[in-house]
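Topology and contacts: notes
Spelled out, the chains give:
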Number of protein chains: 2
Amino acid sequence: MSSKPIKAPTMTDVARAAGVSPMTVSRAFKAGTNVHSETRRAIVAAADQLGYVMNSAAAGLSSQKTGFIAVTIPSINNANFADTVRGLTEGLRESRLQVLLAYTDYDVNEEEQLVRQLLARRPEAIMLTGGTHTEKCRYMLAHAGIPVIETWDDPVAPVDRVVGFSNAAAAAILVRHLASKGRRKIAFLGGDASRDTRGLDRRRGFIREMESLSLDPTRLVEAGTPPISMREGADALVRLMARWPDTEAVICVSDLAAFGALTECQRRGIPVPGQIAIAGFGAYEISEICVPPITTIDPHCRAIGQLTAKAVRCALGLEVPSKMPVRQLIEPALLLRASTGD
Amino acid sequence: MSSKPIKAPTMTDVARAAGVSPMTVSRAFKAGTNVHSETRRAIVAAADQLGYVMNSAAAGLSSQKTGFIAVTIPSINNANFADTVRGLTEGLRESRLQVLLAYTDYDVNEEEQLVRQLLARRPEAIMLTGGTHTEKCRYMLAHAGIPVIETWDDPVAPVDRVVGFSNAAAAAILVRHLASKGRRKIAFLGGDASRDTRGLDRRRGFIREMESLSLDPTRLVEAGTPPISMREGADALVRLMARWPDTEAVICVSDLAAFGALTECQRRGIPVPGQIAIAGFGAYEISEICVPPITTIDPHCRAIGQLTAKAVRCALGLEVPSKMPVRQLIEPALLLRASTGD
DNA sequence: TGTCTAAATGTTATCGATAACATGGTCAAT
DNA sequence: ATTGACCATGTTATCGATAACATTTAGACA
């Protein structure tokens, strides 16, 4: 069936079948146009009969409106980014804009390719996860002539608009909390340095805050290539305890790594939080439901998506008043759980 | 910056800047064409300088090749579908095809909308998750004139090609295994009936196999609207034990629900697998790493994606020999773990 | 009745690229 | 010198829709 390339019907075909001009068909498919109800009915009938599906590439070319916004996320298998996309989709539902998704695999070079491909389809705006890009990528974005929204970060030199938070500050919150509970030998468990700039920012925030509290900031364990899996979190905990057996707390780059570390403690009979406290990042469901539940940071993923939607609407003039700060920062929340003795 | 709608440069702009005709620019960007190396260099330089990005809508219109395939998945936050997409992407890397992703939220009406929007962009093939669609959706797919691949299912009346497995048979495998271990009072924990047809198929397979073993197939707990969260799995376990306190095993529609149920047992001091055995579905990482690890079914997600890629290449004649069965069934694997006493 | 307005529809040009064909050069073989 | 093959490039028509303008018709109102 698929092997016969029966050419898909065009608007002209529908027009002929309905006995009108192509322009009338075009209007019939667009809301808010003056087409006689009977004519419209005949056109819709003809279209259904032919199995007609509009060619939106042609429509976009002609009208210069493609009706979608592009979104890059690091991974399609991440509850945090999924929530952000959900918030974005919700916030755009009322408008005529769809979301076109692509994932970068936590790689800025992959991102550059992707951004090129996405911009080639002429989105009306683009949302990026993170504020670190290749030079070429920044240049393309800046010259695309559309609103660009960087999220999940607080970039020093934003391309355009920002909806995010400081990953470094979020890590610092955890450090301060653990220190306030009397834990002094605190480790950071994260991915290796080449990718996942948000994870790197968290590590940077960890180091800075440890220093400012006059604590040793060198207990850093590399768990592998981001995204860090639960297994990698577990393995890294083994290395951590081998090298620094007296560690009193570990801050993990994500809840998934934290959960992996927790399970390893369970397998080894290390009491949590008795001997070691564990904290994660992201407020994933697992951190709430596991036993014991894990202290974490909630970055308000969905709100990021919703605010991004608003930023897009403002930038495109779909919202009145169309004023809104170009840089929107969200305050992450600390969720205290049993894994840190709370 | 984004507020000034500086029109993006076109191929004609690049041509002018490089002192050649637009056609030469077009050729310069296409591999395997004869363009003098110096000319090409000048064109690329001009394009970079202008921040030129090709308009692939126009290119697709003209060449009748859009260079992408459409993919619908139920959710962007699911490791199983993510793995399938990854396998697909890998399998398509060598070809000129990109993947365009959209998610249905486990809703066939949403899927219909989505399929219409995707077909409107004229993909060269489309992959769907599941074999259940609205009538209109099937009609559109059948008339799109492109290869259609239904996955993650074994549909009775496929639209075109299939790469999948029987969800019912997979559930039956679990039933047989638990029965063979002497468990007779087995429950099924799944989502309510209106959505997620793959989950429904698993339940159907559970009931049929229980009946054929002369066991009571009526211990069915509804955990909420798919996708079932860990929390919903935990809550459902509470209801299950309230209603049928003597239950000896529970098969969950996914590993996430199974893990939720497991944590609830831990909170309530119910021994697993001592009092109750727990099995999941999907071979998610969590089922392997949690304590105790959970018995599950591995549907070979990535292989589904890879085979789909191959099916696409065959259907489009990119592969020699371009012969391949139209219906590819994969055998899910049973992974035995401690949660069922293995 | 005549004039005006709005609704309903058609006509033409255009969006940005590429296919198909046309053209002018270079170089080797005859 | 002639032929032909091939390379490099230009020209024209076209993909499928829509914007902008043109036209026709029906009804409202003076």
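Residues numbered from 1 in each chain as written. Chains lettered and ligands numbered in written order. Predicted model: local features only at pLDDT ≥ 70, side-chain atom pairs only at ≥ 80, totals over all residues. Heavy atoms only, no water.

Further remarks concern the packing of aromatic side chains. The relative placement of two aromatic rings is captured by the distance of their centres and the angle of their planes. This structure, assessed with the given rule, holds 11 aromatic pairs over all chains. Measuring from ring centre to ring centre gives 5.4 Å for Phe-188 of chain B and Phe-206 of chain B, while their planes differ by 40°; the resulting arrangement is tilted. On the criterion of sequence distance, the pair formed by Phe-188 of chain B in strand β6 (residues 186-190) and Phe-206 of chain B in helix α9 (residues 197-212) is long-range, its members being 18 residues apart. A cation over an aromatic ring shows up here: Arg-202 of chain A above the ring of Phe-281 of chain A, its NZ or CZ 3.7 Å from the ring centre. (Phe/Tyr/Trp six-rings, centres within 6.5 Å; stacked < 30°, edge-to-face > 60°. Helix = DSSP H or I, 4+ residues; strand = E, 2+ residues; numbered from the N terminus. Lys NZ or Arg CZ within 6 Å of the ring centre and 35° of its normal.)

Quick look at the interface of chain B and chain A now. One frequent convention defines the size of an interface as the accessible area lost when the parts assemble. Every contact between the two is made by 68 residues of chain B and, on the other side, 68 residues of chain A. Summing the contributions of chain B and of chain A, the shared interface buries around 5,600 Å²; its carbon and sulfur component is 53%. The largest share of the area that chain B buries against chain A comes from Ile-76, Arg-121 and Ile-289 of chain B, three residues that together contribute 12% of it. Our count for the contact surface shared by chain B and chain A stands at 24 residue pairs in polar contact (both at pLDDT 80 or more). (Contact = heavy atoms within 4.5 Å. Buried area = accessible area lost by both parts, 1.4 Å probe. Polar contact = N/O pair within 3.5 Å; in protein donor to acceptor, adjacent residues only side chain to side chain.)

Residues and elements named next belong to chain A. Omega for the bond connecting Pro-226 with Pro-227 falls within 30 degrees of zero, at -5°, which places this linkage in the cis form. In this fold, Pro-227 is placed in the loop between β7 (220-222) and α10 (230-243). Here the amide bond leading from Val-291 into Pro-292 is cis, since omega sits at -5°, within 30 degrees of zero. Note on placement: Pro-292 falls in the loop between α12 (285-289) and β10 (296-298). Its identity as a non-glycine residue notwithstanding, Tyr-106 has a phi of 60°, on the positive side. Of the residues examined, Tyr-106 reaches a relative accessible area of 10% and is grouped as buried. (Buried < 20%, exposed > 50% of the residue type's maximum accessible area, 1.4 Å probe, protein only.)

To continue, consider the protein's contact with DNA strand C. Close to DNA strand C lie 26 residues; Thr-24 and Thr-39 of chain A together with Met-11, Ser-26 and Tyr-52 of chain B are nearest. Among the atoms of DNA strand C lying within 4 Å of the protein, the sugar-phosphate backbone contributes 66%. Gln-64 of chain A has a polar side-chain atom sitting 3.2 Å from a sugar or linking oxygen of DNA strand C. Take Asn-55 of chain B: an N or O atom from its main chain is 3.1 Å from a phosphate oxygen of DNA strand C. (Near = heavy atom within 4 Å.)

Residues and elements named next belong to chain A. Reading across from one edge, β7-β6-β8-β9 is the order of the 4 strands in this open sheet, with parallel pairing throughout. At either end of the open sheet lies a strand with only one pairing partner, and these are β7 and β9 (277-279). The sheet shows a mean angle of 20° between the axes of neighbouring strands, taken without regard to direction. Relative to strand β8 (residues 249-252), strand β6 (residues 186-190) is paired through 4 bridges, and the arrangement is parallel. (Pairing = 2+ DSSP bridges. Axes fitted to C-alpha atoms, helices over the stretch in contact; angles between N-to-C directions.)

So, about the side chain of Thr-24 of chain B. All names here are of chain B. Structurally, Thr-24 is set in helix α2 (residues 22-28). Using a relative accessible area of 18% as the deciding quantity, one classes Thr-24 as buried. Ignoring sequence-local partners within four residues, the contact set of Thr-24 consists of Val-35, Thr-39 and Ile-43.

The environment of DNA strand D is made up of 26 residues, and the closest members are Met-11, Ser-26 and Tyr-52 of chain A together with Thr-24 and Thr-39 of chain B. Considering DNA strand D, the proportion of its atoms within 4 Å of the protein that are sugar or phosphate atoms stands at 66%. Residue Ser-62 of chain A places a side-chain N or O atom 2.6 Å away from a sugar or linking oxygen belonging to DNA strand D. Listed by contribution, the elements that provide at least two residues to the surface near DNA strand D are α2 (22-28) and α4 (56-63) of chain A together with α2 and α4 (56-63) of chain B. With 5 residues, the top contributor of residues to the surface near DNA strand D is α4 of chain A. In terms of residue class, the surface near DNA strand D is built from 11 nonpolar, 12 polar and 3 charged. (Nonpolar A, V, L, I, M, F, W, Y, C, P; charged D, E, K, R; others polar.)

It is worth spelling out the side chain of Arg-219 of chain A at this point. All names here are of chain A. By the secondary structure assignment, Arg-219 is in the loop between α9 (197-212) and β7. The buried category is assigned to Arg-219, whose relative accessible area is 7%. In terms of polar contacts, Arg-219 uses its side chain to reach the side chain of Asp-246, at 3.0 Å. The residues touching Arg-219, leaving out its near neighbours within four places in the chain, are Lys-185, Ile-186, Ala-187, Phe-188, Trp-244, Asp-246 and Thr-247.

So, on to the domain arrangement of chain A. Taken domain by domain, chain A holds domain 1 (11-54), domain 2 (66-165 + 301-331) and domain 3 (167-298). For domain 1 of chain A versus domain 2 of chain A, the separation of C-alpha centres amounts to 35 Å. (Domains from an automatic or database assignment.)

Residue and element names in this part refer to chain B. Read from one edge to the other, the open sheet built from 4 strands follows the order β7-β6-β8-β9, with strand pairing classed as parallel. The sheet terminates laterally at β7 (220-222) and β9 (277-279), the two strands that pair on one side only. Averaged over all pairs of adjacent strands, the angle between their axes in this sheet comes to 20°, without regard to strand direction. On the sheet, helix α8 (residues 167-180) packs against β6, β8 (249-252) and β9 and is oriented at approximately 165° with respect to β8.

Since the α-helix packs 3.6 residues into each turn, any two residues three or four apart lie on the same face. All names here are of chain A. The end-to-end C-alpha distance of helix α3 (residues 37-50), which contains 14 residues, comes to 20 Å, matching closely the 20 Å that a straight helix rising 1.5 Å per residue would cover. Among all positions of α3, only Ile-43, Ala-46 and Ala-47 are buried. Here the buried residues of α3 occupy an arc of 100° about the axis, which is enough to place them on one side. Pointing more than 90 degrees away from the buried face of α3 are the exposed residues Ser-37, Glu-38, Arg-41 and Gln-49. Elements in contact with the buried residues of α3: α1 (11-18) and α2. (Expected span 1.5 Å × (residues − 1). Arc of directions from axis to C-beta.)

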